[in-house]
Structure formats: C-alpha cells, structure tokens
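Residue-level structure breakdown
Next come the chains, spelled out residue by residue.
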Amino acid sequence: MRTPQSLTKSDFWFTDGNIVIVAGHAGFKVHRGQLERHSDVFSGLFSIPQPAHDDTVEDGDLIEGCAWVEFFDAPEDVFHFLSALYDGMYFLAPRARDFPALAGVLRLSTKYLVEPLRALCLVHLHRDWPTSLSAWDAREGAATDPSGRYVPRETCAHPVLAITLALEHGISSLLPAALYDLSRYGPSKIMAGASPPASPLESSPLRPQPDHLSREFLCRTLRGREAAQRFIATFLSTKLHGRAQAMGCTGGEMLTRTDFSDGEKQCGLRICAECRDEFAGVVKHAREEVWRLIPEWFGLEKVV
C-alpha cells in the first residue's frame, strides 16, 4: 500500500493548496481555482469523486486534508504543465534542454484544452523546425557560435525527438525540417535514435531509453538523404565543375571571404566580386529549390 508519505512531493506543494494531483509517484498540492480558470476540463475533473484505491493512498478521500485526483500522465509532464500555468513559459534563447518542457506542456495543454499554452508551444517548436527557408536560415544562424562553430544540439533538440512528438500530435508541419535535419547525420546515427534529457522528477541515475523512429520513417529519412546527396552531386557537376568566368570577371582583383568554416576555424574563399555575385545567385536558386523539394524527398507530399 502506498501512503501519502510515500508520494514524492514536487516543488508544486503549496501549504495553502486545496487539491492534490497524484501522477505516478509524484504529488502536486495546488490551487483548484488556478487550474479551473485555464480550462473547463478541470472543473469537471475535480468534481468527479475519486474511488478509494488501496494501492494508491492510505486514505481514499484525503491527502493531508485535501481532496485528490489522479492524473494518468507522466509526472514530468505534469510538472512542466503546472510550471507553465503558474509561472508562464519564458525562453530567452533557443536551448535544446527546453524541449522536455515544451513537449510536456504541449501534451497536457492539448489533452486538457488549454489552447493559449498549446499555441505558444507550437510557436516555439516551429522556431526550431520552421516551414520557411528564411526561418531555417535564422535557426541555423542561432546554432552557430561567435567563433563560427556549428553546435545545433545546444540550441535545438535532437530531430528524432521532434519527429516523435510531431507524429504523436499530428503536427505534420514540423516533419520536413526535422527529417531533413536528421538526414544530415550518417546512417548509423540515424538508426541509433535519441535519448530524451533526464526528468526533473526522475530519481533513477539511469539514462532514459532512447527513442527510435519506426521502420517507415527510418526508410523515409534514408531515402531523403539519398535524394539530397543526388541533388548536391548534380549541382556540383552542372553548376560548378568547369564553370566559366562571369562577364566582367576581374581575375586579378581577388577578394578574401572569411565566412566559411571547417568546424574548427574560419576559412577564406578567394573569388572576384563579379564571379562571387553571379554564383551566389545560382546558389540562392538551388537552395530555394531544395527547400521546395524536401517534402517530396521524404515522402511527405500528402502529409504537409
């Protein structure tokens, strides 16, 4: 028999709380009115008498003098959801470690019909997995530190986690960017999946089991990866190999660019202004075509 004392009291255990939420091993003593003002679902939920469960609490009616209700949700999701309801959702900069909170709030705001929170989650998720090329460029810029190092896993969660969440909630608009991002890994890393960050309520020192894509989406990812590689190979052979000089090329006037990086240091590319500008237009057009083709490459034409 589990007693009230055996519940893990979360940070949301207010002395003046008037309802206890039990989720798994965790207890949350909160304010009924605070939850009810955000959703009518809670008004109905809290009015339903809770049956006495011998394996839940010692007293089926009260916990520390308060009525209780059991949520069949992950304790960490309840924690993040209550954090958003009480403290709001504030993310000053893109951080991968914020993803568990976003995912938890999305799940419960969807389930309990708290639409403002759900809408806010979608805004943040689409910032990391955007639907436009310009937004993608902004995302990539945020993932590049001042020294030119590209560190996307510091700013955005692993794409497997985003894909899993998108499929769980039918948010198909996240899939093209997330699948494209995943396809930039090698096949072995694509197959390896991704482990979600540890829960703030998790007592076990063991890391969570990694999430893996289904066979269908693994195949989509690998086919999309092959299509992207074919596009790049074709582009290099038709647009770069043996490329003629631009009209007005000033071969003697070599300019040095330092906006390239090999992952460790800044690199330069020597090219005259006329050739650079002409080739930049070709690259811009190719990038726009890639963005347009991504849904097709990953078999998402009928999804997005």
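Residues numbered from 1 in each chain as written. Predicted model: local features only at pLDDT ≥ 70, side-chain atom pairs only at ≥ 80, totals over all residues. Heavy atoms only, no water.

A word on the overall build of the protein chain
When its secondary structure is counted, the protein chain shows 12 helices and six strands. Taking as baseline every contact in the protein chain between residues at least 6 positions apart, the subset at least 24 positions apart corresponds to 62%. As displayed, the protein chain offers around 16,700 Å² of accessible surface, 56% of which is attributable to carbon and sulfur atoms. (Helix = DSSP H or I, 4+ residues; strand = E, 2+ residues; numbered from the N terminus. Contact = heavy atoms within 4.5 Å. Areas by Shrake-Rupley, 256 points an atom, 1.4 Å probe, with all protein chains shown as cover.)

Observations concerning the environment of Phe-298
Mapped onto the elements of the fold, Phe-298 is located in the segment after α12 (273-297). For Phe-298, a relative accessible area of 1% translates into the label buried. Each C-alpha atom of the pair Phe-298 and Arg-223 lies 6.7 Å from the other, and the pair is 75 residues apart in sequence. (Buried < 20%, exposed > 50% of the residue type's maximum accessible area, 1.4 Å probe, protein only.)

Here's the deal with the environment of Lys-239
You can see Lys-239 is positioned in helix α11 (residues 215-240). Accessibility expressed as a relative area gives 39% for Lys-239, which makes it partly exposed. Distance in space between the C-alpha atoms of Lys-239 and Val-283 is 9.0 Å, their sequence separation being 44 residues.

A closer look at the environment of Trp-297
On the secondary structure map, Trp-297 appears in helix α12. Exposure remark for Trp-297: the relative accessible area of 13% places this residue in the buried category. Separated by 121 residues in the primary sequence, Trp-297 and Pro-176 place their C-alpha atoms 9.2 Å from one another. For Trp-297, the contacting residues outside a window of four places in its chain are Arg-220, Arg-223, Gly-224, Ala-227, Ala-228, Phe-231 and Val-290.

A word on the pairing of strand β2 (residues 19-23)
Where burial is concerned, most of β2 is hidden: five out of the five residues are buried. A two-sided burial pattern is seen for β2, the buried positions comprising Ile-19, Ile-21 and Ala-23 on one face and Val-20 and Val-22 on the other. Where β2 meets strand β3 (residues 26-30), five bridges bridge the pair, whose relative direction is antiparallel. Across the sheet, Ile-19 pairs through a bridge with Val-30, a residue of β3. Remark: two residues form the turn of the hairpin made by β2 and β3, two consecutive strands paired antiparallel; Gly-24 in that turn has positive phi of roughly 60°. Relative to strand β4 (residues 67-70), β2 is paired through four bridges, and the arrangement is parallel. Residue Val-20 lies in a different strand from β4, and its bridge partner there is Trp-68. (Pairing = 2+ DSSP bridges.)

Some thoughts on the sheet that holds β3
One open sheet accounts for four strands, arranged β1-β3-β2-β4; its pairing is mixed. Of all the strands in the sheet, the pair left with one neighbour each is β1 (8-13) and β4. Strand-to-strand twist across the sheet, computed as the mean angle between neighbouring axes with direction ignored, equals 25°. The sheet contact formed by β1 and β3 spans three bridges and is parallel. Across the sheet, residue Lys-9 finds its bridge partner in β3, namely Gly-27. Each of β1, β2 and β3 touches helix α3 (residues 75-87); the most contacted strand, β3, lies at about 20° to it. (Axes fitted to C-alpha atoms, helices over the stretch in contact; angles between N-to-C directions.)

Digging into the packing of aromatic side chains
According to the stated counting rule, one finds 13 aromatic pairs in the structure shown. Both rings, one in Phe-12 and one in Phe-14, keep their centres 6.2 Å apart while their planes meet at 70°; by these two values the pair is edge-to-face. Look at Phe-12 and you get buried, because its relative accessible area is 6%. Consider the rings of Trp-136 and Trp-291, whose centres lie 5.9 Å apart with planes at 45°: the pair is tilted. Residue Trp-136 is located in helix α6 (residues 133-142), and its partner Trp-291 is located in helix α12; the two are separated by 155 residues in the primary sequence. Side by side, Trp-136 and Trp-291 carry an identical accessibility label, which is buried. (Phe/Tyr/Trp six-rings, centres within 6.5 Å; stacked < 30°, edge-to-face > 60°.)

Some details on α12
If you check α12, its first and last C-alpha atoms are 34 Å apart, about what 25 residues at 1.5 Å a residue would give, namely 36 Å. Where α12 is concerned, the buried positions are Ala-273, Cys-275, Ala-286, Val-290, Trp-291, Leu-293, Ile-294, Pro-295 and Trp-297. One or two positions beyond α12, positive phi appears at Gly-299, with a value near 65°. (Expected span 1.5 Å × (residues − 1).)

Overview of the confidence of the model for the protein chain
Confidence along the protein chain averages 86 in pLDDT terms, with 83% of residues attaining 70 or more. Least confident of the elements in the protein chain is strand β5 (residues 255-261), whose mean pLDDT is 54; most confident is helix α9 (residues 175-183), at 98. (pLDDT = per-residue confidence, 0-100.)

Considering the side chain of His-169
Looking at the secondary structure, you find His-169 in helix α8 (residues 159-169). Only 3.4 Å separates the side chain of His-169 from the side chain of Glu-168, close enough to count as a polar contact. Setting aside its immediate chain neighbours within four residues, His-169 contacts Leu-106, Arg-107 and Thr-110. (Polar contact = N/O pair within 3.5 Å; in protein donor to acceptor, adjacent residues only side chain to side chain.)

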